[in-house]
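Residue-level structure breakdown
Here is how the chains run, residue by residue.
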Amino acid sequence: QVQLVESGGGLVQAGGSLRLSCAASGRTFSSYAMGWFRQAPGKEREFVASISWSGGSTYYADSVKGRFTISRDNAKNTVYLQMNSLKPEDTAVYYCAADSEQLVSDEYEFWGHGTQVTVSS
């Protein structure tokens, strides 16, 4: 089992930045690929970004490419999502997820409970 806890969400004005963190415990963190997803009210959960176990491979949704950066620190068992140039449409609950494979679908095995990000216009 892997337990995931997100933090760093909050309220920010459009154009601002936030950094989300996801702390993992349980099995060896460094053996898992990690992903970030988000779900806005009334919408389905969508892929945001993913990173391989080593950090050498990353993927981004087109909607966040160039604005968001996913990274990880295996020594701290933590994955990050740096979000810059935030837009109101980025408002959502953000979830981190872990799996043995680096996926862009929501088929990750382990999930956190989410952190709310609200971007005001």
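I will try to describe carefully the structure that is included in this document. All figures in this text were calculated on a predicted structure; none of them were measured in a lab.

**A few points about the side chain of Asp-90**
By secondary structure assignment, the location of Asp-90 is in the loop between strand S8 (78-83) and strand S9 (92-99). Overall, the relative accessible area of 1% leaves Asp-90 in the buried class. For Asp-90, the side chain forms a polar contact with the side chain of Arg-67, separated by 2.8 Å. Leave out the neighbours within four places in its chain, and Asp-90 touches Arg-38, Arg-67, Phe-68, Ser-85, Val-117 and Val-119.

**As for the state of the cysteines**
Under the counting rule described, the total for this entry stands at 1 disulfide. Across a sulfur-sulfur distance of 1.9 Å, Cys-22 and Cys-96 are joined as a disulfide pair. Sign of the S-S torsion, about 45° for the bond between Cys-22 and Cys-96, identifies this disulfide as right-handed. Of this pair, Cys-22 sits in strand S3 (residues 18-26) while Cys-96 sits in strand S9; the two residues are 74 residues apart in sequence, bridging distant segments of the chain. With respect to burial, Cys-22 and Cys-96 carry one shared label: buried.

**Let's talk about the sheet that holds S8**
Here we have 4 strands laid out as an open sheet, ordered S1-S3-S8-S7, and antiparallel in their pairing. Every interior strand has two partners, whereas the edge strands, strand S1 (2-7) and strand S7 (68-73), have only one. Here the average twist between neighbouring strands, direction ignored, is 15°.

**Section: the packing of aromatic side chains**
Taken as a whole and assessed by the stated rule, the structure comprises 5 aromatic pairs. When the ring of Tyr-32 is compared with that of Phe-110, the centres are 5.9 Å apart and the planes differ by 75°; the resulting orientation is edge-to-face. Note that Tyr-32 is positioned in the loop between S3 and strand S4 (33-39) and Phe-110 in strand S10 (residues 110-111), a separation of 78 residues in sequence. Tyr-32 sits in the buried class, given a relative accessible area of 9%. Looking at Phe-110, the relative accessible area reads 7%, which means it is buried. An angle of 75° between the planes, with centres 5.4 Å apart, marks the rings of Phe-37 and Tyr-108 as edge-to-face. Residue Phe-37 is found in strand S4, and its partner Tyr-108 is found in the loop between S9 and S10; the two are separated by 71 residues along the sequence. Overall, the relative accessible area of 1% leaves Phe-37 in the buried class. Note on Tyr-108: relative accessible area 4%, which makes it buried.

Cut-offs applied
Residues numbered from 1 in each chain as written. Predicted model: local features only at pLDDT ≥ 70, side-chain atom pairs only at ≥ 80, totals over all residues. Heavy atoms only, no water. Helix = DSSP H or I, 4+ residues; strand = E, 2+ residues; numbered from the N terminus. Buried < 20%, exposed > 50% of the residue type's maximum accessible area, 1.4 Å probe, protein only. Polar contact = N/O pair within 3.5 Å; in protein donor to acceptor, adjacent residues only side chain to side chain. Contact = heavy atoms within 4.5 Å. Disulfide = S-S within 2.5 Å. Pairing = 2+ DSSP bridges. Axes fitted to C-alpha atoms, helices over the stretch in contact; angles between N-to-C directions. Phe/Tyr/Trp six-rings, centres within 6.5 Å; stacked < 30°, edge-to-face > 60°.

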